[in-house]
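# Examining the three-dimensional arrangement
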Amino acid sequence: MKVKEIMSTNVISIAPYAKIIDAIGVMLSNNIRRLLVEGGMIVTIRDLVYAWDKLNNSVSTVATRNLLFIDPEADVIESAKVMTSKGVGSLLVGDGIKVLGIVTERDVIKALRVGKDIMAKDIMNADPLTCVKDESLSEVVELMKERWTRHAIVVEDGSVIGIISVRDIARALAAKRDLRKTKVDEFMSVKVIYARPDDTLEKVREMMATNNIGVVPIVDPAKGLVGSIGERDMLAAIVVNSF
């Protein structure tokens, strides 16, 4: 399978002097997580949300010039290898100058299977970021920044009751909410798709692909939350399984 078969051509650009809050609005209205910034830069929704207390600053202050390209004729697994080795979640598709599209870790996860002999417990993050429903969103964002993650699992009395993501927090910012005064349960997702430690990794991949989600909590019936698998974890497993 070639990159051109799974890439998205919905690549939107924004001016470098645009405000961070305006870039958040563009991402939410177009249901995307990345924007090209004129002048050879790219910005992600994580970059924008992490700057929650600087929303009137220009996008260029949080964007990166690290533009990575892949040829549209390259195999999809090659894009996964590049993303994993570079620690990025997307690649521009093109010749290094002209952008034809973008391919993301989510696109790859939807396209490539993993071996059924790998269990969720084999690759899960055993120390996922957690929070409680009455924490402020500002507190959660700062914890996300410390752990460089896009999700926090919301727990109560040992049970998983929700997930809060940078996209959820972006919605709060777009609604002009003060994150210091806004609680997690006002914007968290309460529909939680979870897996068991002994579920196959392929089952977890299918959960991610089918439900278009970026993280799956791993829940043991006796112990409760024991880990999580995010897109970066899954991508790494796909790469290792390809050898």
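Along each chain, residue indices are assigned from 1 in the same order as the chain's sequence is written. Under the rules for a predicted model, residues below a pLDDT of 70 receive no local features and side-chain atom pairs below 80 are neither given nor counted, while totals for whole chains, interfaces and linings still include all residues. For side-chain calculations, the full set of non-hydrogen atoms in the structure is used, while hydrogens and water are omitted.

## Some words on the overall build of the chain
Looking only at helices and strands, one finds 10 helices and 11 strands in the chain. Its C-alpha atoms give the chain a radius of gyration of 18 Å, within 12% of the compact-globule value 18 Å for 243 residues. The C-alpha extent of the chain, read off along each of the three principal axes, is 55 × 50 × 25 Å. Buried residues are those whose accessible area, probed at 1.4 Å on protein chains only, stays under 20% of the maximum for their type, while exposed residues exceed 50% and partly exposed ones sit between those limits. Going through the 243 residues of the chain one by one, you find that 51% of them count as buried. The contact criterion used throughout is that any non-hydrogen atoms of two residues lie within 4.5 Å. A fraction of 62% describes how many contacts in the chain between residues 6 or more apart in sequence connect residues 24 or more apart. In this description, accessible areas are obtained by the Shrake-Rupley approach with a 1.4 Å probe, and a residue is regarded as covered only by the protein chains that are shown. Of the roughly 11600 Å² that the chain leaves accessible, carbon and sulfur atoms contribute 48%. The centroid of the 33 positive side-chain charges in the chain is displaced by 3 Å from the centroid of its 33 negative side-chain charges. Put simply, DSSP H or I for four residues or longer makes a helix, DSSP E for two residues or longer makes a strand, and each gets a number counted from the N terminus. Restricting the calculation to C-alpha atoms gives the radius of gyration, and the globule rule supplies 2.2 Å times the number of residues raised to the power 0.38. Only four residue types enter the charge count, namely Lys and Arg as positive and Asp and Glu as negative; His and the chain termini do not. Where a charge lies is defined by one atom per residue type, namely NZ (Lys), CZ (Arg), CG (Asp) and CD (Glu).

## Section: the side chain of Thr104
Following the sequence through the fold, Thr104 ends up in strand E6 (residues 99-104). Take Thr104: its relative accessible area is 10%, and that puts it in the buried class. Residues contacting Thr104, with those up to four places away along its chain left out, are Arg34, Met83, Gly89 and Ser90.

## Description of the sheet that holds strand E5 (residues 90-94)
As summarised here, the arrangement of the 3 strands in space is E4-E5-E6, forming an open sheet in which the pairing is mixed. At either end of the open sheet lies a strand with only one pairing partner, and these are strand E4 (69-70) and E6. The pairing criterion is simple: DSSP has to find at least two bridges between the two strands. Two strands pair when backbone bridges link them, and E4 and E5 are joined in this way by 2 bridges, in the parallel orientation. Its bridge partner being in E5, Phe69 is matched across the sheet by Leu92. Whenever a helix is involved, its axis is fitted only over the stretch in contact; in every case the axis is a line through C-alpha atoms, and angles between N-to-C directions fall within 0 to 180 degrees. Packing of helix H4 (residues 76-86) onto the sheet brings it into contact with E4, E5 and E6, and relative to E5 it is tilted by some 130°.

## Section: the nonpolar core
Among buried residues, those of type Ala, Val, Leu, Ile, Met, Phe, Trp, Tyr and Cys that are joined through side-chain atoms within 4.5 Å constitute a nonpolar core. Among the nonpolar cores identified, the biggest contains 41 residues, and Ile24, Met144 and Ile164 are the most heavily contacted of them. If we skip the residues at most four places from it in the chain, Met144 touches Tyr50, Leu129, Thr149, Arg150, His151, Ala152, Ile164, Ser165, Val166 and Ile169. Counting 34 residues, the second largest nonpolar core, distinct from the first, contains Ile70, Ala80, Met83 and Leu112.

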